[in-house]
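Structure assessment
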Amino acid sequence: MAARRGPTFRRRELGKELRRLREKYGITLRDAAAHIESSETKLNRVETGHNQLPRVRDMTDLLDLYKVTDHVDRENMLMLHRDSLSKDWYRPYRNVMPSGTPMYVGLEAEACTMRAWHSRVVFGLLQTEAYAHALFMSAKHVEERTSEFVEESVALRMARKSILTGEDPVELRVILDEAALRRVVGGPGVMREQYAEIERMAGLDHVTVQIIPLSHDTFRDDANFVLLDFDCDLDPVVMEEETYVLTVTDKVREVRRYGRKFEAMRDGALAPAATPGFLQRLAREVDDH
């Protein structure tokens, strides 16, 4: 798979290298921030890849502070900085994206593999437009959202599916709880279409879908999460989803912990070959109701 290199990816690379250089010379975050007349909070968000470092002057001042004197090294860092300032494709949708979502969506599009667990609703990249629309509409009045918010949220979700259907797609493995599939969203017609879509996607060579039946006495995690792996030196990350908030971390301990959770649920789920039959049975049952 060809390496993906979007602005979010570049910000993560740049931040990781800036932190490495700062720690190499024993410079505190406070001193580095003071050197470019910034705050610790802002520089920390640059180092974690959440924010851009807008001014080239700040970048060159940090390179001076970190004793990066080699011409080639400086040019490579400045090029990485320029790339990190490009506009993300999802920028028009930022007003409908909950906290933490922009970082995750940017990295999602640059991953080579994804492992996901969803227990409450169908995993977003497998949702149909009708299912997604009904799901957002169900919370519209409770969350005091506008119709425009709903439509833009659905459009963003559908746009994100291109990483599975376009050229050089991401390799996806999803585990779904039967409860997520039995929760009726939008009515029987919407659910039948949704079951068919999951079956269609599961038929792709790069997509694997497994289901944990309600009758299986096995481990289930309380929170939805996604593990992202990249085809380069960028560390794997895990995204955990709470109510309208996504948390993204590349801490090795957390990534490994969620990896163990995924493996336990994979082992407790039905084999991928059983997924089409399971979905077809659910479709017949929703018809009966």
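Predicted model, so just to flag it, every value in this text is computed and none were measured.

1. Looking at the side chain of threonine 275
- Relative to the helices and strands, threonine 275 resides in helix H13 (residues 275-288).
- Given a relative accessible area of 2%, threonine 275 falls into the buried group.

2. What to know about the pattern of salt bridges
- By the definition in use, this model includes 23 salt bridges.
- The partner of glutamate 17 in a salt bridge is arginine 20, with the nearest N and O atoms 2.6 Å apart. Taken as a pair, glutamate 17 and arginine 20 lie in helix H1 (residues 7-24) at a separation of three residues, close to a single helical turn.
- For glutamate 17, a relative accessible area of 24% corresponds to the partly exposed category.
- The class of arginine 20 is partly exposed, set by a relative accessible area of 42%.
- With its nearest N and O atoms 3.0 Å apart, the salt bridge here joins arginine 200 to glutamate 197. Of the two residues, arginine 200 and glutamate 197 are both situated in helix H11 (residues 188-202); the distance of three residues between them amounts to about one turn of the helix.
- Judged by its relative accessible area of 12%, glutamate 197 is buried.
- Each of Glu178, Arg182, Arg281 and Glu285 takes part in one network of salt bridges that share partners.

3. A look at the sheet that holds strand S6 (residues 245-249)
- On the basis of which strands lie adjacent, the open sheet formed by six strands has the order S3-S2-S1-S4-S5-S6 and mixed pairing. With one partner strand each, in any of the chains shown, strand S3 (207-212) and S6 form the two edges of the open sheet. Across the sheet, the mean angle separating the axes of adjacent strands is 15 degrees when strand polarity is ignored.
- Summarising the sheet, strand S4 (residues 224-229) and strand S5 (residues 237-242) pair through five bridges and their orientation is antiparallel. By the bridge assignment, leucine 227 is partnered in S5 with valine 238.
- Packing of helix H12 (residues 252-268) onto the sheet brings it into contact with strand S1 (113-118), strand S2 (171-177), S3, S4, S5 and S6, and relative to S4 it is tilted by some 110 degrees.

4. Digging into the environment of alanine 139
- Tracing the backbone shows alanine 139 in the loop between helix H7 (129-138) and helix H8 (147-160).
- Residue alanine 139 is classed as buried on the basis of its relative accessible area of 15%.
- Separated by 64 residues in the primary sequence, alanine 139 and glutamate 75 place their C-alpha atoms 49 Å from one another.

5. Things to note about the nonpolar core
- With 50 residues, the main nonpolar core has Tyr104, Met114, Phe123, Leu126, Leu181 and Leu228 as its most contacted residues.
- Formed by 19 residues, the second largest nonpolar core is a distinct cluster that contains Ile36, Leu43, Leu53 and Tyr66.

6. A closer look at the packing of H1 against helix H5 (residues 71-84)
- For the pair H1 and H5, interaxial distance at closest approach is 8 Å and the crossing angle is 140 degrees. The angle between the axes of H1 and H5 places the two elements in the oblique class. As H1 packs across H5, the resulting crossing turns out to be left-handed. Along the contact surface, H1 presents Pro7, Arg10, Arg11, Glu13, Leu14, Glu17, Leu18 and Leu21, while H5 presents Met77, Leu80, His81, Asp83 and Ser84.
- Split by residue class, the contact of H1 with H5 holds six nonpolar, two polar and five charged.

7. What to know about the pairing of S3
- Most of S3 is tucked away, with six of its six residues classed as buried.
- On S3, burial covers both faces: Val207, Val209 and Ile211 on one face and Thr208, Gln210 and Ile212 on the other are all buried.

8. Quick notes on the environment of glutamate 171
- Among the secondary structure elements, glutamate 171 is positioned in strand S2.
- Given a relative accessible area of 48%, glutamate 171 falls into the partly exposed group.
- Separated by 56 residues in sequence, glutamate 171 and arginine 115 place their C-alpha atoms 8.6 Å apart.
- Residues in contact with glutamate 171, not counting those within four places in the same chain, are Cys112, Thr113, Met114 and His206.

Procedures and definitions
Residues numbered from 1 in each chain as written. Predicted model: local features only at pLDDT ≥ 70, side-chain atom pairs only at ≥ 80, totals over all residues. Heavy atoms only, no water. Helix = DSSP H or I, 4+ residues; strand = E, 2+ residues; numbered from the N terminus. Buried < 20%, exposed > 50% of the residue type's maximum accessible area, 1.4 Å probe, protein only. Salt bridge = Lys/Arg side-chain N within 4 Å of Asp/Glu carboxyl O. Pairing = 2+ DSSP bridges. Axes fitted to C-alpha atoms, helices over the stretch in contact; angles between N-to-C directions. Contact = heavy atoms within 4.5 Å. Core = buried A, V, L, I, M, F, W, Y, C linked by side-chain atoms within 4.5 Å. Parallel < 35°, antiparallel > 145°, perpendicular 65-115°, else oblique. Left-handed = near helix turned anticlockwise from the far one by under 90°. Nonpolar A, V, L, I, M, F, W, Y, C, P; charged D, E, K, R; others polar.

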